[in-house]
Amino acid sequence: MNSYDTATMQSPTRAQERGLEAHRLMLGDCQQRCATFPEVKSETHPNMTNDTQSPEMTDGFHLVIDALKLNDIDTIFGLPGIPVTDLCRMAQAEGMRVISFRHEQHAGNAAAAAGFLTQKPGICLTVSAPGFLNGLTALSNATVNCFPMILISGSSEREIVDLQQGDYEEMDQLAIAKPLCKAAFRVLHAEDIGVGIARAIRAAVSGRPGGVYLDLPAKLFAQTMTAEAGKKSLIKVIDPAPRQIPASDAVKRALDLLKGAKRPLILLGKGAAYAQADADIRALVEKTGIPYLPMSMAKGLLPDTHAQSAAAARSYVLAEADVVVLVGARLNWLLSHGKGKTWGQDKGAKQFIQIDISPTEIDSNVAIAAPLIGDIGSCVAALLAGMGDGWTKAPADWTGAIAERREKNLAKMAVTLALRPSPMNFHSALSVIRDQVKARPDAIVVNEGANTLDFARSIVDMYQPRKRLDVGTWGIMGIGMGFAVAAAVVTGKPVIAIEGDSAFGFSGMEVETICRYNLPICVVVFNNNGVYRGTDKNPSGSKDVAPTVFVKNARYDKLMEAFGGVGVNATTADELAKALAEAVASGKPTLINAVIDETAGTESGRIASLNPQSAVKK
Ligand code: ADP
Ligand code: TPW
């Protein structure tokens, strides 16, 4: 128990007793358990025992831990405090990995990334009201991105919260979480913990994955019941994300449409990466000979250097394609809603085949000619089976025209990447990272920022599936260190976090977490002195700098050094290359302050068109 907890409690009550109890439990002192919960006895549910003679008892803390472990969940990302401090301690004592963060949003982001990488819900554990709210952004973001995670928050006394009598960290958390996630549950009795965790797991991973909120009021943790009854109350979920086989007529409809296509295109989204149907997706692309475009987190499903990648001819293929197969990608803003100039509105109607697990996604933006509803693995397998051996490859005039444009664009890009301007710009710095990722294709890239994001997405080739984590559907800043920690913890592979200086600031304090757990993470901060760029001026003449401008020539590397990690200030591409190679080889927590020309880049990166501009000139 920390000193704050102790100092602010009005009497040496439940929390302190729970703390003491935790230590006793860890010593295996079972007989003591009921005797040390005097206040719990009166609250004990009728189905639970108060029998101090009972040889083996369990409690809410242990039931939560046992329920998670029973379902092969071995890691908690969280932040301790009343009422979950002992839950963190006991989970660790019981062999779970408990990764403790400096802010709940980053623990939540870590849980979301872990969910994406493993198909198991990532667990984020927070304290009541403020901790819960800090975690909520991540829960909501996970839901928007279709990542499975469970935010478990302790909460205050129901009776006091519901009468709004002003409890410590009072908040009706369940009501607040509900509209922001896929499902939300509360458990009031220890005997229902098994059901609560089972429901949360199923809700997170079945169908379209998403975020689930699980509310555990403080009282629950101290409730006791016999260990035997407790064990029986737990549920091991069977087949939580059942395959969803597409209907055969839907498969036929899709194949008929594809057969007639003259300029087909496959678009792979992060749903395709999540689905872990890598071999079949590759077979679909290669068997059909259809050019493909990966969305940012689908990069590496096939190597970006694959001959059929149309990434370097993106505008051309989007405008010219006649039949587009969407595989786990929504026609949202990232794909210009499937219409308009990007999609060649003057060039005749496009037809879409959309593979998705969510039937209501279909027709969300434009008419979908051939919806294929099911899990991506089953849908792609069904398409492959339906194609048989004699499938005719995509027309050569189409693939040839794409190849020509691609080669031209790649050659142009190679010239730019070879330049070594001083100071560095985005291209020269990213060319170095591109080479490092090529040398270590198993490394995971985390990426956020504006220009840093847009340029990295197109410059840094990925070679393996699920190696790129970024700002996702919301284009949210702040995922950086949480995603990086999860990637390192879950995979044990080196992580390279490519961060705009503004983007990094959202989660920068987690470098302490990175050092504390000695994680193989190299953070590269693209330091151009501000949000987007560092060149804005305050037109008013007052002494404040412009709202987009930061302290000039800041040394983010010192932040890493403060916690015992390696800090490097890199002013040239050679210095950056050397520091990055050393970091990846050593696995030591490293932060490279990459000094970038503050005039490089553009406002809002590539999405400047979304930024409202006033026509009124003042
Ligand atoms: P991107 O941003 O990469 O374009 P989106 O997040 O927009 O990708 O789309 C992902 C889509 O994938 C969602 O519509 C989601 O329902 C779908 N999806 C996620 N997992 C699966 C799966 N296992 N099978 C089928 N569809 C899935
Ligand atoms: C939670 C708005 C989009 S991009 C960005 C901000 C603040 C930072 C851009 O500067 P950075 O990158 O990181 O230095 P670069 O490469 O251009 O130099 N708050 C949230 N999410 C978003 N998207 C914003 C604000 C934003």
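Heads up: these notes are all about the structure in this document. (Residues numbered from 1 in each chain as written. Chains lettered and ligands numbered in written order. Predicted model: local features only at pLDDT ≥ 70, side-chain atom pairs only at ≥ 80, totals over all residues. Heavy atoms only, no water.)

## Considerations on the nonpolar core
Here is step 1: Core analysis: the largest hydrophobic core is formed by 133 residues, its most contacted members being Phe77 and Leu469.
Here is step 2: Leave out the neighbours within four places in its chain, and phenylalanine 77 touches Ile99, Phe101, Ala107, Ala110, Ala111, Ala114, Ile123, Cys124, Leu125, Ala486 and Val489.
Here is step 3: Formed by 32 residues, the second largest nonpolar core is a distinct cluster that contains Val445, Ile459, Ala583 and Ile592. (Core = buried A, V, L, I, M, F, W, Y, C linked by side-chain atoms within 4.5 Å. Buried < 20%, exposed > 50% of the residue type's maximum accessible area, 1.4 Å probe, protein only. Contact = heavy atoms within 4.5 Å.)

## Description of the pattern of salt bridges
Here is step 1: Using the criterion set out here, one finds 26 salt bridges in the structure.
Here is step 2: Between arginine 186 and aspartate 215 there is a salt bridge whose closest N-O contact spans 3.0 Å. Here arginine 186 is found in strand β6 (residues 183–186), whereas its partner aspartate 215 is found in strand β7 (residues 211–217), with 29 residues between them in sequence.
Here is step 3: Its relative accessible area of 25% is what places arginine 186 among the partly exposed residues.
Here is step 4: With a relative accessible area of 0%, aspartate 215 lands in the buried category. (Salt bridge = Lys/Arg side-chain N within 4 Å of Asp/Glu carboxyl O. Helix = DSSP H or I, 4+ residues; strand = E, 2+ residues; numbered from the N terminus.)

## Quick notes on the sheet that holds strand β17 (residues 521–527)
Hydrogen bonding along the main chain pairs the strands of a sheet, whether they run parallel or antiparallel.
Here is step 1: Judged by pairing direction, the sheet is parallel, and its six strands sit side by side in the order β15-β14-β16-β17-β19-β18 without closing on themselves. Of all strands in the sheet, those bounded by a partner on one side alone are β15 (468–470) and β18 (566–570). Between one strand axis and the next, the sheet turns by 15 degrees as a mean value, whatever way the strands run.
Here is step 2: With six bridges connecting them, strand β16 (residues 495–500) and β17 associate as parallel partners. Opposite glutamate 499, over in β17, you have valine 525 as the bridge partner. (Pairing = 2+ DSSP bridges. Axes fitted to C-alpha atoms, helices over the stretch in contact; angles between N-to-C directions.)

## Structural notes on the environment of asparagine 553
Here is step 1: Mapped onto the elements, asparagine 553 comes out in the loop between β17 and α24 (557–561).
Here is step 2: Asparagine 553 sits 45 residues away from glutamate 598 along the chain, and the two C-alpha atoms are 9.8 Å apart.

## A short note on the pairing of strand β2 (residues 75–78)
Here is step 1: By the alternation rule, side chains of β2 split into Thr75 and Phe77 and Ile76 and Gly78, which are all buried.
Here is step 2: With four bridges joining them, β2 and strand β3 (residues 97–100) adopt parallel strand pairing. Bridge pairing links phenylalanine 77 to isoleucine 99 in β3.
Here is step 3: One crossover worth recording links β2 to the parallel β3 by way of helix α5 (residues 85–93), and it is right-handed.
Here is step 4: As paired elements, β2 and strand β4 (residues 122–126) share two bridges and run parallel to each other. Counted as the bridge partner of glycine 78 is leucine 125 from β4. (Right-handed = clockwise from strand over helix to strand, strands pointing away.)

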